[in-house]
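# Structure assessment
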Amino acid sequence: MANACSVFGRGEANRDTSLHLLPKDHNTREKWLQFIWSDNVLENIPAKTWVCSKHFEDSCFLNLEQKRMGFATKLILKHDAFPSVLPGVATAVDS
Ligand SMILES: [Zn+2]
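Computed from a prediction, not measured in an experiment: that's the story for all the values here.

Attention now moves to the overall build of the protein chain. Each helix and strand counted, the protein chain has 2 helices and 2 strands in total. The buried share of the protein chain, reckoned over its 95 residues, is 19%. Here the contacts in the protein chain between residues at least 6 apart in sequence split such that 61% fall between residues at least 24 apart.

This next bit is on the nonpolar core. Among the nonpolar cores identified, the biggest contains 7 residues, and these are Cys5, Val7, Trp32, Ile36, Val51, Cys52 and Phe82. Mapped by element, the contributors of at least two residues to this core are helix H1 (26-37) and strand S2 (50-52). Counting 5 residues, the second-largest nonpolar core is a separate cluster that includes Phe56, Cys60, Phe61 and Leu75.

A few words on the confidence of the model for the protein chain. Of the residues in the protein chain, 79% have a pLDDT of 70 or more, and the chain-wide mean is 83. Taking the mean pLDDT of every element in the protein chain, the minimum, 90, falls on S2 and the maximum, 94, on helix H2 (residues 64-68). Confidence over residues 89-95 falls short of pLDDT 50; this stretch has 0 contacts with residues more than four positions distant or in other chains.

In this model H1 runs 16 Å from its N-terminal to its C-terminal C-alpha over 12 residues, within 8% of the 16 Å that 1.5 Å per residue would give. The positive-phi residue at the C-terminal boundary of H1 is Ser38, with phi of around 40°.

This part is about the environment of His20. Mapping His20 onto the fold places it in strand S1 (residues 19-21). For His20, the residues in contact, after removing those within four places along its chain, are Trp50, Val51, Ser53 and Leu77.

Rules of the game
- Residues numbered from 1 in each chain as written.
- Predicted model: local features only at pLDDT ≥ 70, side-chain atom pairs only at ≥ 80, totals over all residues.
- Helix = DSSP H or I, 4+ residues; strand = E, 2+ residues; numbered from the N terminus.
- Buried ≥ 20, exposed ≤ 12 C-beta atoms within 10 Å, placed from the backbone.
- Contact = placed C-beta atoms within 7 Å.
- Core = buried A, V, L, I, M, F, W, Y, C linked by C-beta atoms within 7 Å.
- pLDDT = per-residue confidence, 0-100.
- Expected span 1.5 Å × (residues − 1).

Okay, here's the thing in structure tokens:
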């Protein structure tokens, strides 16, 4: 089974979206959990918790330019980056 973004349980990942695993760093991890589940953080965090690249600001990535130019296949997050972008439902209509 393919991995999917954990934000609101949406599996919206596609070829233009990379998935990023929950970081180990405690402080950064807390920010991710707050973003994913807001005030309803699960007691048992799934071992594989993924957030797709749509939820990060451009500045969170180390190699966004390379990815856009086709030199990189996978986006790399800065180690202290955390998700903050919630794509609106209306933006899901890109063709
Ligand atoms: Zn997502």
